[in-house]
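# A look at the structure
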Amino acid sequence: MPTRISEAFVLDATVLKERDKIVTLFTEEEGKLRGLAHGAARSVKRFGGRLERLSRVRASWFEKEGQDLVRIDDLELVRESFSMHQDLLKSAAISYICELAEEFTREKEADRRYYRLLVAVLDGLRAGISPALLLRYFEFWTGRLHGILPAFGACDGCGRAFGAHGARVAPRGEAALCERCAPGSDATMRLSRGALGLIEAFRNAPPSEFAHVVYPAGALREVETAAVSALVAFTGREIRSAPFLRQVMAEERK
């Protein structure tokens with residue numbers, strides 16, 4: 001097969017036998033792929049900062065039929081992420097985003113909407129928009145784009161607008177229901193009007209629109225709980241990077 005070329009985000013790079021690295025890329029044209037970067041563990045000149053998590057690169061690779069790993073020939077830097085890794089909170093946020101992206105991108109299956117979501121969220125992080133807000137945006141749209149979360153535009157039971165009591169959603173995120181349609185069970189989570197307003201803003205605006213917007217911490221927590229519960233229920237796995245991210249965010253608030 002000929003050499004393939006696509007813009008991509010680096011999701012992970014692990015050392016193999018002290019010399020090479022196995023690199024996970026989320027490419028715009030081909031979806032997720034794993035490849036071998038020969039000499040990347042020793043040659044700073046050849047790959048350098050291009051293997052930082054969420055570096056945006058133009059990747060060239062060769063795929064041989066019957067082999068699981070492609071051969072990565074070159075990574076041309078489009079947008080660096082090294083400077084963000086110098087900030088502990090941004091670095092922790094990047095690790096969290098990468099973990100979700102690895103989970104929800106598919107091998108050799110393009111997902112351009114999710115690729116654009118990553119571009120927008122990373123641009124927002126560089127621009128100094130609140131990481132907490134950006135992460136809630138990313139969690140919500142990860143769920144929406146993969147059919148895990150409802151739109152929260154109206155009650156999925158009766159079709160009416162949500163009232164003053166907000167909405168209730170099941171831990172698996174199957175539906176958002178008004179108080180009249182929701183079962184009287186502790187298994188459902190409440191989303192206040194403030195949380196629903198935040199979700200509506202997410203549905204109608206890109207991250208760049210939130211540069212000077214402050215939302216109540218309670219609304220952010222409600223959206224996080226609903227989205228993360230649905231994502232974890234779908235994958236069957238906890239998000240490993242979440243405890244460290246929470247710890248760093250707590251230290252930032254002191």
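This report concerns the structure included in the present document. Everything quoted here is computed from the prediction, not taken from an experiment.

Summarising the element assignment, histidine 212 is placed in the loop between α5 (193-204) and α6 (217-235). With 82 residues separating them along the chain, histidine 212 and serine 130 place their C-alpha atoms 9.3 Å apart.

Bringing the side chain of serine 91 into the picture now. Along the chain, serine 91 turns up in helix α2 (residues 88-104). A residue is classified by how much of its surface remains accessible, and serine 91, at 18% relative accessible area, is buried. If near-sequence neighbours (up to four positions away) are discounted, serine 91 is found in contact with Met84 and His85.

Next up on the list: the packing of aromatic side chains. Enumeration according to the criterion identifies 12 aromatic pairs in this entry. Seen in terms of ring centroids, tyrosine 137 and phenylalanine 202 are 5.2 Å apart; in terms of plane orientation they differ by 75 degrees. Their pairing is edge-to-face. With a gap of 65 residues between them, tyrosine 137 in helix α4 (residues 131-145) and phenylalanine 202 in helix α5 connect regions that are remote in the sequence. On the basis of relative accessibility, which here comes to 8%, the residue tyrosine 137 falls in the buried class. Aromatic pair phenylalanine 140 and phenylalanine 152: ring centres 6.4 Å apart, planes at 45 degrees, arrangement tilted. Linking phenylalanine 140 in helix α4 with phenylalanine 152 in the loop between α4 and β6 (167-169), this pair joins segments that are 12 residues apart in sequence. Phenylalanine 152 carries the same exposure label as phenylalanine 140, and that label is buried. Put simply, the rings of Tyr137, Phe140, Trp141, Phe152, Phe202, Phe210 and Tyr215 pair up and form one aromatic cluster.

All right, on to the state of the cysteines then. Under the defined criterion, the tally for this structure stands at 0 disulfides. Left without a disulfide partner, cysteine 155 is nearest to the cysteine sulfur of cysteine 178, which lies 3.7 Å away. Considering cysteine sulfurs only, cysteine 155 is the nearest to cysteine 158, which forms no disulfide, with 3.7 Å between them. Cysteine 158 sits in the partly exposed class, given a relative accessible area of 31%.

The strand order β7-β6-β8 describes an open sheet built from 3 strands, whose pairing is antiparallel. The open sheet has two edge strands, β7 (176-177) and β8 (189-191), and neither has a second partner. In this fold α6 packs onto β6 and β8, with an angle of close to 135 degrees to the strand it touches most, β8.

Further remarks concern the packing of α5 against α6. Contact geometry for α5 and α6: axes closest at 8 Å, N-to-C directions at 70 degrees. Taken together, the axes of α5 and α6 lie roughly perpendicular to each other. On α6, the residues touching Gly194, Ala195, Leu198, Ile199 and Phe202 of α5 are Ala219, Leu220, Glu222 and Val223. A class-by-class count of the residues in the contact of α5 with α6 yields 7 nonpolar, 1 polar and 1 charged.

Quick look at the pairing of strand β4 (residues 56-62) now. For β4, the buried fraction is high: 5 of the 7 residues fall into the buried class. Where strand β1 (residues 4-16) lies against β4, 6 bridges are found, and the strand directions are antiparallel. Counterpart to alanine 8 in the pairing with β4 is valine 57. In the sheet, β4 pairs with strand β5 (residues 70-79) via 7 bridges, with the strands oriented antiparallel. When the sheet's bridge partners are listed, arginine 58 is paired in β5 with glutamate 76.

Our focus in this paragraph is the pattern of salt bridges. In this structure the tally under the stated criterion is 14 salt bridges. Salt-bridge contacts for lysine 108 lead to glutamate 63; the nearest nitrogen and oxygen are separated by 2.6 Å. With lysine 108 in the loop between α2 and α3 (112-126) and glutamate 63 in the loop between β4 and β5, this pair connects stretches of sequence that are 45 residues apart. Its salt-bridge partner being arginine 71, residue aspartate 73 comes within 2.7 Å of it at the nearest N-O pair. Three or more residues are tied together by salt bridges with common partners; here these are Arg79, Asp123 and Arg126.

Taken in spatial order, the 5 strands close into a barrel running β1-β2-β3-β5-β4, and their pairing is mixed. Going across the sheet, the axis of each strand differs from the next one's by a mean of 45 degrees, ignoring polarity. Of the strands in this sheet, β1, β2 (20-27) and β3 (31-37) touch α2, which is tilted by about 110 degrees from β1. Across the face of the sheet, α3 comes into contact with β1, β2, β4 and β5 while running at roughly 70 degrees to β1.

Cut-offs and rules
Residues numbered from 1 in each chain as written. Predicted model: local features only at pLDDT ≥ 70, side-chain atom pairs only at ≥ 80, totals over all residues. Heavy atoms only, no water. Helix = DSSP H or I, 4+ residues; strand = E, 2+ residues; numbered from the N terminus. Buried < 20%, exposed > 50% of the residue type's maximum accessible area, 1.4 Å probe, protein only. Contact = heavy atoms within 4.5 Å. Phe/Tyr/Trp six-rings, centres within 6.5 Å; stacked < 30°, edge-to-face > 60°. Disulfide = S-S within 2.5 Å. Pairing = 2+ DSSP bridges. Axes fitted to C-alpha atoms, helices over the stretch in contact; angles between N-to-C directions. Parallel < 35°, antiparallel > 145°, perpendicular 65-115°, else oblique. Nonpolar A, V, L, I, M, F, W, Y, C, P; charged D, E, K, R; others polar. Salt bridge = Lys/Arg side-chain N within 4 Å of Asp/Glu carboxyl O.

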